[in-house]
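# Coordinate analysis (summary)
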Amino acid sequence: EAAVTQSPRNKVAVTGGKVTLSCNQTNNHNNMYWYRQDTGHGLRLIHYSYGAGSTEKGDIPDGYKASRPSQENFSLILELATPSQTSVYFCASGDAPWGFYAEQFFGPGTRLTVL
Amino acid sequence: AQSVTQPDARVTVSEGASLQLRCKYSSSVTPYLFWYVQYPRQGLQLLLKYYSGDPVVQGVNGFEAEFSKSNSSFHLRKASVHWSDSAVYFCAVKASSFSKLVFGQGTSLSVVP
């Protein structure tokens, strides 16, 4: 069954350290997304990608970088982690970003704590 | 700019009772509307979606939603809830074909015996 997986599932990092969150999808979808989920804010889009080699800024990209080395993999990179980046991060994939067919398939999430 | 509001952060209902979760959107045009569910320790899953046609749309597991253009709403309903429906429910909106998906804050549903 097609799936979106994320690693690690839980991560504790120190302020100023580098953190890499990984996402892999077997849906063969062109589009992939990174969101963060915070109480009172729902899900907010950080970065997204339309295919291998492409990354685009979402609504809250500051402090984050993204990398899409292949169709299957999409990474979120925090070069200098800060406590404000403590959150739950979700990766998603989708075949079509437009209109009625904009269904996205989500991974299980990564809980990141920055101390 | 499009936006979506879920006015109830938490809802508690008794098992077997009916349910309504509220969603209000702001958009200059009729948007694409979605409801997602997040079960504990899992990612989001699509429940149902709507763009045009019959304003009442059926989803999975007995859920349905009703679109109201006059009220700018897309409320989720279920006739009889089960304990396994306990989860966080997100309403989401796309203002146009190529705009991004915007999520509401979510409503945490607890179903009690």
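Reading guide: rules and limits
- Residues numbered from 1 in each chain as written.
- Chains lettered and ligands numbered in written order.
- Predicted model: local features only at pLDDT ≥ 70, side-chain atom pairs only at ≥ 80, totals over all residues.
- Heavy atoms only, no water.
- Helix = DSSP H or I, 4+ residues; strand = E, 2+ residues; numbered from the N terminus.
- Contact = heavy atoms within 4.5 Å.
- Buried < 20%, exposed > 50% of the residue type's maximum accessible area, 1.4 Å probe, protein only.
- Pairing = 2+ DSSP bridges.
- Buried area = accessible area lost by both parts, 1.4 Å probe.
- Salt bridge = Lys/Arg side-chain N within 4 Å of Asp/Glu carboxyl O.
- Polar contact = N/O pair within 3.5 Å; in protein donor to acceptor, adjacent residues only side chain to side chain.
- Nonpolar A, V, L, I, M, F, W, Y, C, P; charged D, E, K, R; others polar.

### What to know about the environment of Gln2(B)
Residue placement: Gln2(B) occurs in the segment before β1 (3–5). When residues no more than four places from it in sequence are discounted, the contact partners of Gln2(B) are Ser26(B), Val93(B), Lys94(B), Ala95(B), Ser99(B), Lys100(B) and Val102(B).

### Some remarks on the pairing of strand β8 (residues 64–68) of chain B
Residues and elements named next belong to chain B. Judged by how many residues are buried, β8 sits mostly within the fold: 4 of 5 residues are covered. The pairing of strand β7 (residues 56–58) with β8 spans 3 bridges and is antiparallel. Within β8, the position partnered with Gln-58 by the bridge is Glu-64. If you look at the hairpin formed by β7 and β8, you'll find 5 residues sitting between the two strands, and Asn-61 has a positive phi there, around 60 degrees. Note that β8 and strand β9 (residues 73–78) share 5 bridges and pair antiparallel. Among the inter-strand pairings, Glu-66 is bridged to a residue of β9, identified as His-75. What sits between the antiparallel neighbours β8 and β9 is a turn of 4 residues, in which Ser-72 has the positive phi angle 50 degrees.

### Notes on the interface of chain A and chain B
Note on interface size: it is often stated as the accessible area lost on association of the parts. The partner chain B presents 22 residues to the 22 residues of chain A that form the contact. Of the roughly 1,700 Å² buried where chain A meets chain B, counting both sides, 63% is carbon and sulfur surface. Run the count over chain A and chain B and you get 0 salt bridges. Applying the counting criterion to the chain A and chain B interface returns 2 residue pairs in polar contact (both at pLDDT 80 or more). Looking at the side of chain A that touches chain B, the elements with two or more residues in it are β4 (31–38) and β5 (42–49) of chain A. Partitioned by chemical class, the residues of the side of chain A that touches chain B number 12 nonpolar, 7 polar and 3 charged.

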